[in-house]
Amino acid sequence: MEIDLMVLAGGVSTIIFAGSVMPMIVKAVQTRDLASYSLGNLLLSNMGNLVHSVYIYSLPAGPIWALHAFYLVTTGFMLAMYLRHEALGRKRSQGSTPAPAGTLQDSPESGPSSEFQQSPQVGSNSP
């Protein structure tokens, strides 16, 4: 079985390109922090990938098909995630009322502010 050098190069580059994108995807999924992404960039990336599909899928099947399919899936996923989390963030910010100026507000998850928690007295018999 003879492997064409161009197909081998295409396969290796596909793995490298996909590997370079995966850490960003994993971080976005784990942190749900998409503030560093712009809606315009995600929309243009998806539109560009869709238009580019006309060219890519006119080529013979090969590594470029796999790479392009990966790009289609990941950019579509990132756009969906961005839209979902932006919408959730907007709902949360509209549902909460800001604290009056000059007051401290505790978050329900963190409990009372550590600033106001009393530390145990040295020599105290209480548990």
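The sections below set out a description of the structure shown in this document. These numbers were taken from a predicted model, which means no experiment stands behind them.

## Let's talk about the overall build of the chain
Point 1. Summing up its helical and strand segments, the chain has three helices and zero strands in all.
Point 2. Its helices and strands taken in sequence order, the chain reads α-α-α from the N to the C terminus.
Point 3. Here the chain, with 127 residues, has 17% of them falling under the buried criterion.
Point 4. Counted over contacts in the chain with a minimum sequence separation of 6, partners at least 24 positions apart contribute 62%.
Point 5. Total accessible area on the chain is roughly 10000 Å²; 64% of this is exposed by carbon and sulfur atoms.

## Points about the side chain of H85
Point 1. Mapped onto the elements, H85 comes out in helix α3 (residues 63-95).
Point 2. Taking the relative accessible area as the measure of exposure, H85 reaches 17% and is therefore buried.
Point 3. Not counting residues up to four positions away in its chain, the partners in contact with H85 are R32 and L34.

## Side note on the layout of surface pockets
Point 1. Taken as a whole, the largest pocket holds about 150 Å³ of empty space.
Point 2. As for the largest pocket, its lining consists of V21, M24, I25, Y37, N41, L42, S45, Y71, T74, T75 and M78.
Point 3. The set of elements that each furnish at least two residues to the lining of the largest pocket consists of α1 (5-31), α2 (39-56) and α3.
Point 4. Broken down by element, the residue count for the lining of the largest pocket peaks at four residues, all from α3.
Point 5. In terms of residue class, the lining of the largest pocket is made up of seven nonpolar, four polar and no charged.

## Overview of the side chain of N46
Point 1. Take N46: it is sitting in helix α2.
Point 2. Among the residues examined, N46 registers a relative accessible area of 12% and is labelled buried.
Point 3. At 3.1 Å, the side chain of N46 and the backbone nitrogen of G76 are in polar contact.
Point 4. Sequence-distant contacts of N46, defined by excluding residues within four places in its chain, comprise T75, G76 and L79.

## Examining the packing of aromatic side chains
Point 1. Taken as a whole and assessed by the stated rule, the structure comprises two aromatic pairs.
Point 2. A ring pair is formed by Y57 and W65, whose centres lie 4.9 Å apart and whose planes are at 90°; its orientation type is edge-to-face.
Point 3. Between F70 and Y71, the aromatic rings sit 6.1 Å apart at their centres with planes inclined by 50°, giving tilted as the arrangement.

## Focus: a nonpolar patch on the surface
Point 1. A cluster of nonpolar side chains, I3, L5, L8, V12 and I16, forms an exposed patch at the surface whose accessible area comes to about 510 Å².
Point 2. Within the secondary structure, V12 sits in helix α1.

## Topic: the nonpolar core
Point 1. Counting 11 residues, the largest nonpolar core is built from A18, V21, I25, A28, L34, L42, F70, M78, L79, M81 and Y82.
Point 2. Elements with a minimum of two residues in this core: α1 and α3.
Point 3. Looking at which element gives the most residues to this core, the answer is α3, with five residues.
Point 4. Excluding its chain neighbours within four sequence positions, the residues that come into contact with M78 are I25, A28, L34, Y37 and L42.

How each quantity is defined
The written sequence of each chain sets the order in which its residues are numbered from 1. Residues qualify for local features only when their pLDDT is at least 70, as the model is predicted, and side-chain atom pairs are given and counted only at 80 or more; totals for whole chains, interfaces and linings, by contrast, use all residues. Computation of side-chain values covers all heavy atoms of the structure but excludes hydrogens and water. Each helix corresponds to a stretch of at least 4 residues labelled H or I by DSSP, and each strand to a stretch of at least 2 residues labelled E; elements are numbered beginning at the N terminus. A simple rule labels every residue: compare its accessible area, found with a 1.4 Å probe on the protein chains alone, to the largest value its type can have, and call it buried under 20%, exposed over 50%, or partly exposed in between. Contact definition: two residues touch when any of their heavy atoms are within 4.5 Å. Every accessible area reported is derived by Shrake-Rupley at a probe size of 1.4 Å, with residue values counting cover from the shown protein chains alone. Residues are called lining when one of their atoms sits within 4 Å of a cavity or pocket point, these points coming from a 1 Å grid over the protein atoms alone, where a cavity is a set in which a 1.4 Å probe fits but cannot get out and a pocket is an open set with protein on both sides within 12 Å along at least five of seven lines. Grid points are joined across faces, edges and corners, and a volume is the space filled by probe spheres set on the points. Any residue that is not Ala, Val, Leu, Ile, Met, Phe, Trp, Tyr, Cys, Pro, Asp, Glu, Lys or Arg is counted as polar, Gly included; the first ten are nonpolar and the last four charged. In protein, a polar contact means a hydrogen-donor-capable atom and an acceptor-capable atom, both N or O and within 3.5 Å, with residues adjacent in sequence counting only if both atoms are side-chain atoms; elsewhere, any N or O pair within 3.5 Å suffices. Whether two aromatic rings pair depends on their centres lying within 6.5 Å, for rings of Phe, Tyr and Trp, where Trp uses its six-membered ring; planes under 30 degrees apart make the pair stacked, over 60 edge-to-face, and the rest tilted. Residues enter a patch when their relative accessible area is above 30% and they make no salt bridge; the linking distance is 9 Å between like charges and 5 Å between nonpolar side chains (Val, Leu, Ile, Met, Phe, Trp, Tyr). By convention in these notes, a salt bridge is any Lys or Arg side-chain nitrogen within 4 Å of a carboxyl oxygen on Asp or Glu. Buried Ala, Val, Leu, Ile, Met, Phe, Trp, Tyr and Cys residues that are joined via side-chain atoms within 4.5 Å together make up what is termed a nonpolar core.

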